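Reading the structure
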Amino acid sequence: MLGMLKKVFDSNQRQINKYQKIADQVEALGPNYEKLSDEELRLKTAEFKARLEKGETVDDILVEAFAVVREGATRVLKMRPFPVQIMGAMTLHEGNIAEMKTGEGKTLTSTMPVYLNALTGKGVHVVTVNEYLATRDATEMGLLYEFLGLSVGLNLNGMSREEKIEAYSKDITYSTNNELGFDYLRDNMVLYKEHMVQRPLHYAVIDEVDSILVDEARTPLIISGSARKSTGLYIQANAFVRTIKEEEDYTYDVKTKAVQLTEEGISKAEKAFGLENLFDIANVNVIHHINQALKANVSMLRDTDYVVQDGEVVIVDSFTGRLMKGRRYSDGLHQAIEAKEGLEIQNESMTLATITFQNYFRMYEKLSGMTGTAKTEEEEFRNIYNMYVVAIPTNKPIARDDKPDLIFKTIDGKFRAVCEQIAEMHAKGQPILVGTVAVETSELISKYLTKKGIKHNVLNAKNHEREAEIIANAGQLGAVTIATNMAGRGTDIKLGEGVKEVGGLAVLGTERHESRRIDNQLRGRSGRQGDPGVTQFYLSMEDELMRRFGSDNMKAMMDRLGMDDSQPIESKIVSRAVESAQKRVEGNNFDARKQLLQYDDVLRQQREVIYAQRYDVLSSENLREVIESMIKGTIERNVAAHCSTNEEPEEWNVKAIVDYVEANLLNEGDLSEKELSGKEPEGITEFIYDKVRARYDEKEKQLLPEQMREFEKVIVLRAVDSKWMDHIDAMEQLRQGIHLRAYGQIDPLREYQMEGFAMFESMVESIEEETSRYIMKAQIRNNLERQEVAKGQAVIPNADGQKPKRKPVVKSVTVGRNDPCICGSGKKYKQCCGS
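Let me sum up the structure you'll find in this document. Every chain's residues receive numbers from 1 upward, in the order its sequence appears when written. Given that this is a predicted model, residues contribute local features only at a pLDDT of at least 70 and side-chain atom pairs are listed and counted only at 80 or more, while totals for whole chains, interfaces and linings are drawn from all residues. Side-chain figures throughout are based on the complete set of non-hydrogen atoms in the structure, without hydrogens or water.

A word on the overall build of the protein
The helix count covers DSSP runs of H or I at least four residues long, the strand count covers runs of E at least two residues long, and both are numbered beginning at the N terminus. On a plain count of helices and strands, the protein comes out with 29 helices and 22 strands. A simple rule labels every residue: compare its accessible area, found with a 1.4 Å probe on the protein chains alone, to the largest value its type can have, and call it buried under 20%, exposed over 50%, or partly exposed in between. Across the 835 residues in the protein, those meeting the buried criterion constitute 53%. Contacts were defined at the residue level, with two residues in contact if any of their heavy atoms lie within 4.5 Å. Sequence separation of 24 or more characterises 75% of the internal contacts of the protein that already satisfy a separation of 6 or more.

And the structure:
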């Protein structure tokens, strides 16, 4: 009865049944396409494109297109997609997530929907987690696409603008998620439309979709420019932090990784820095540097969070264990770590543009993804990306033996047991993959094995250049491989000769990760395509996950029972407690990502408006109409400010209107109070507007039309870019303090939305005002050039995923002697600050 109900209500099974029918249709076409010559098969692409142009949809040609790719893959790649891969391809085509186990051929699965959607000519992006995989897949799968008559591009970091334009113009473009996001931000900072590299975002297939859309979702992509150095304070703060003690001078919370000074610590800081009161408003900078030095010295661990290489601090990705070269922590944390390690301290930075992966990928018309582990995050994919997870059955039944966890009293006891197990398995030639959470752990186990004389390879952030070679040999007889979370993600561990006979690949996990997905990925390295294999996790009561969720009672119980380090416990209660802890952490992380998205959505709506306006400016031949609208809005606001409908006309401050207009829009003496008296506010606005338009006409006569049009673009772009950059900074400042409103029983998110909207309106008004002022007042030079407000580069935000606080931006502006003074007084520059 239960089985019957499950079949009725199991939506996953319903999808599989539906896809099975389509897979049967694709298979039925196989014999027909086998008879075609290579040229005839290739001509199918042109035929499909012609049918699409005549009004057919991609769904109409799906079965035929999939069958063509299947036959093409058989001829070119010597691989024929299984029916389960056709089911995975259907999932991807429908904009969902295909959960396919390791070794089931996700890369080949993606070729069918990628080919089908590329036929529209709108471009398809295949997204991978690193450039090695992007290059590998573009090269290998590119043979198939090119055989079928489609073009393939590869977008890598460090390419020139021309190379990127070329890559994005292809039917299919392979890229990393980071590069796509940064290209989008850079495209919205260009000064000429021709410099934009991306086309409108049509369809993307994301490999390892959980890594990109979940693990990295809280990490905003940031284009950052340089700010001023404050090297001395970093060194001073670091020296001070090294003199204080935990518990006495500061407290450290393992669970939240928060470091706080105690009263004693505050007193010592005041003495060290010669301050009367550390929390005086004038000492904000000192507190900031002390806090970052504390974070760098206490919660940021060398060889876990970062490594030092060639005199530089290089971040280690906490999810993949990969080195993230060229990326920096912001808000001064990177500089604090440099001070801690005694390295040269680099520049701080300010943010020019930012976007989260959540909001970037939601801009695609259609989004899909594939991974071996996504079911645990299904709710998040559905709520945030409107993608459903479809678990695709394996081609052959899984023969892997997943053993229950072994729990030890101490970390030392756990590692000794792991090494004994490795020695035992190694003696019979069984290949072993040892999964670790941190670089430090992998090196510790390596030392143990070296002492035992067991030859092994270590794959971590320090030597990931040899990743492909190490993974290729990890399934050979007698191979022992120690790997961090990166563990060859996106690559298969294939078994060597004679390995099946000794039990297949053994995977030993030395610690549970806070996410069940990461554990499942490690398990999934073994038992691919029906191969035998075994997996087991080794835990201790001193592991971080266990400590965070109260293992003290269990440890005390083991002490009472007289259990020593050599006696593990196999307890379903403990295993369930670990899984419960993982679910709790996953839930907390989901809530954090959801909240980040709610806040980021406010900025997203504003970003879309500004970027659309900016694109219109770049695309437009003539901006005069737009600028006249800005001028009229500026006049209306000024008139409304001085001619309130609640006051009698005699009380209106007409002189202030005249002063403002002469200072910002017209020449001195062009407008008088007498001309405006007796008019209604609308009449005053129209009268001034007509005068300004006449002055605009005069200005236009002094120049060639193309000079005037370029001058307009220069002014508008500069106003939009500088004001938008200041606005991002202001929104971040608002965001940093908005949570304090909760103490007043006010919803911080609602306040952020309302205040953010008001600030955006204010920014738009200031753009209009600045544009109006410079259009009417600035002197036009013949050698006019569009200029970037600031140069930017890609950086990574703080370790906790928060966007950085920014430093003020100092912009150099050339002001003519007769221009309005930049201090805002309304006087001419020569009569005010320039005197």
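What about the pairing of strand S17 (residues 432–435)?
Residues Ile432 and Val434 point to one face of S17 and Leu433 and Gly435 to the other, with burial holding for every one of them. Two strands are counted as paired when DSSP detects at least two bridges linking them. Relative to strand S19 (residues 480–483), S17 runs parallel, the two sharing 4 bridges. Bridge pairing in S19 links Val434 to Ile482. In this structure, S17 lies alongside strand S20 (residues 505–509), joined through 4 bridges in parallel fashion. By the bridge assignment, Leu433 is partnered in S20 with Val507.

Quick notes on the sheet that holds strand S4 (residues 172–176)
Across the sheet, 7 strands lie side by side as S3-S4-S2-S5-S13-S1-S14; this open sheet has parallel pairing. In this open sheet, the two edge strands, each paired with only one partner strand, are strand S3 (152–155) and strand S14 (389–391). Geometrically, the sheet is characterised by an average inter-axis angle of 20° between neighbouring strands, direction not taken into account. By the bridge criterion, 5 bridges tie strand S5 (residues 203–207) to strand S13 (residues 366–371) in an arrangement that is parallel. For Ala204, the partnering residue across the bridge sits in S13 and is Leu367. Helix axes are fitted to C-alpha atoms over the stretch in contact, other axes to C-alpha atoms as well, and angles between N-to-C directions run from 0 to 180 degrees.

Remarks on the pattern of salt bridges
Once the charged atoms of two side chains with opposite charge are near each other, the side chains can pair. We count a salt bridge whenever a side-chain nitrogen from Lys or Arg sits within 4 Å of a carboxyl oxygen from Asp or Glu. A full pass over the atoms with the stated rule returns 53 salt bridges. Between Arg75 and Asp38 there is a salt bridge, with the nearest N and O atoms lying 2.8 Å from each other. Pair noted here: Arg75 is in helix H4 (residues 62–76) and Asp38 is in helix H3 (residues 38–53), with a separation of 37 residues, a long-range link. Arg614 serves as the salt-bridge partner of Asp721, at 2.8 Å between the closest nitrogen and oxygen. With a gap of 107 residues between them, Asp721 in helix H28 (residues 705–738) and Arg614 in helix H23 (residues 572–619) connect regions that are remote in the sequence. With a relative accessible area of 14%, Asp721 lands in the buried category.

Some words on the nonpolar core
Within soluble globular proteins, side chains that are nonpolar generally end up buried alongside one another. Put simply, buried Ala, Val, Leu, Ile, Met, Phe, Trp, Tyr and Cys residues joined by side-chain atoms within 4.5 Å make one nonpolar core. Within the largest apolar cluster, 92 residues are counted, with the highest numbers of intra-cluster contacts made by Leu185, Leu213, Phe361, Leu367, Phe381 and Ile688. Sorting elements by how many residues they give to this core places H28 first, with 13 residues. For Phe381, the residues in contact, after removing those within four places along its chain, are Ile97, Val209, Asp210, Leu213, Val214, Ala374, Asn386, Met387 and Val389. Core analysis: the second largest hydrophobic core is formed by 52 residues, Ile16, Leu62, Ala65 and Val124 among them.

A few points about the pairing of strand S2 (residues 124–128)
With 5 of 5 residues buried, S2 is to be regarded as a mostly interior element. Of the two faces of S2, the one holding Val124, Val126 and Thr128 and the one holding His125 and Val127 are both buried throughout. In the sheet, S2 pairs with S4 via 5 bridges, with the strands oriented parallel. In the sheet register, Val126 faces S4, and the bridge partner there is Tyr174. Direction of pairing for S2 relative to S5: parallel, over a ladder of 4 bridges. In the strand pairing of S5, Val124 is matched with Tyr203.

A look at the sheet that holds strand S10 (residues 312–316)
The antiparallel open sheet is built from 3 strands, whose spatial order is S9-S10-S11. Since the sheet does not close on itself, it has two edges, and those belong to strand S9 (306–309) and strand S11 (323–324), each with one partner. Where S10 and S11 come together, 2 bridges link them in antiparallel fashion. By the bridge assignment, Val316 is partnered in S11 with Leu323. Here helix H14 (residues 333–340) sits on the sheet and contacts S9 and S10; the angle it forms with S10, its principal contact strand, is near 125°.

Topic: a negative patch on the surface
Residues qualify for a patch when their relative accessible area is over 30% and they have no salt bridge, like charges being joined within 9 Å and the nonpolar side chains of Val, Leu, Ile, Met, Phe, Trp and Tyr within 5 Å. Every accessible area reported is derived by Shrake-Rupley at a probe size of 1.4 Å, with residue values counting cover from the shown protein chains alone. His is not counted, nor are the chain ends, whereas Lys and Arg count as positive and Asp and Glu as negative. A single reference atom marks each charge: NZ on Lys, CZ on Arg, CG on Asp, CD on Glu. Among the surface-exposed residues, Glu647, Glu648, Glu650 and Glu651 lie close enough to one another that they form a single negatively charged patch. Judged by relative accessible area, Glu647 falls into the partly exposed class, the value being 33%.

Looking at the packing of helix H2 (residues 11–34) against helix H5 (residues 83–93)
Between H2 and H5, the shortest axis-to-axis distance is 9 Å and the interhelical angle comes to 115°. Pair H2 / H5 crosses with right-handed handedness. On the side of H2, the interface is formed by Ile16, Tyr19, Gln20, Ile22, Ala23, Val26 and Glu27, while H5 contributes Pro83, Ile86, Met87, Met90 and Thr91. Counted by class, the contact of H2 with H5 contains 9 nonpolar, 2 polar and 1 charged residues. Note on convention: near helix rotated counterclockwise from far helix by under a right angle means a left-handed crossing. Clockwise means right-handed. Any residue that is not Ala, Val, Leu, Ile, Met, Phe, Trp, Tyr, Cys, Pro, Asp, Glu, Lys or Arg is counted as polar, Gly included; the first ten are nonpolar and the last four charged.

Looking at the environment of Arg624
Mapped onto the elements of the fold, Arg624 is located in helix H24 (residues 624–642). For the pair Arg624 and Tyr696, spaced 72 residues apart in sequence, the C-alpha to C-alpha distance is 9.3 Å. Not counting chain neighbours up to four residues away, the residues in contact with Arg624 comprise Arg693, Tyr696, Asp697, Glu700, Arg709 and Glu712. Polar contacts involving the side chain of Arg624 include one to the side chain of Glu700, which spans 3.1 Å. Polar contact is defined as a pair of N or O atoms within 3.5 Å, subject to the rule that within protein one atom must be able to donate a hydrogen and the other to accept it, and that residues adjacent in sequence are counted only when both atoms are side-chain atoms.

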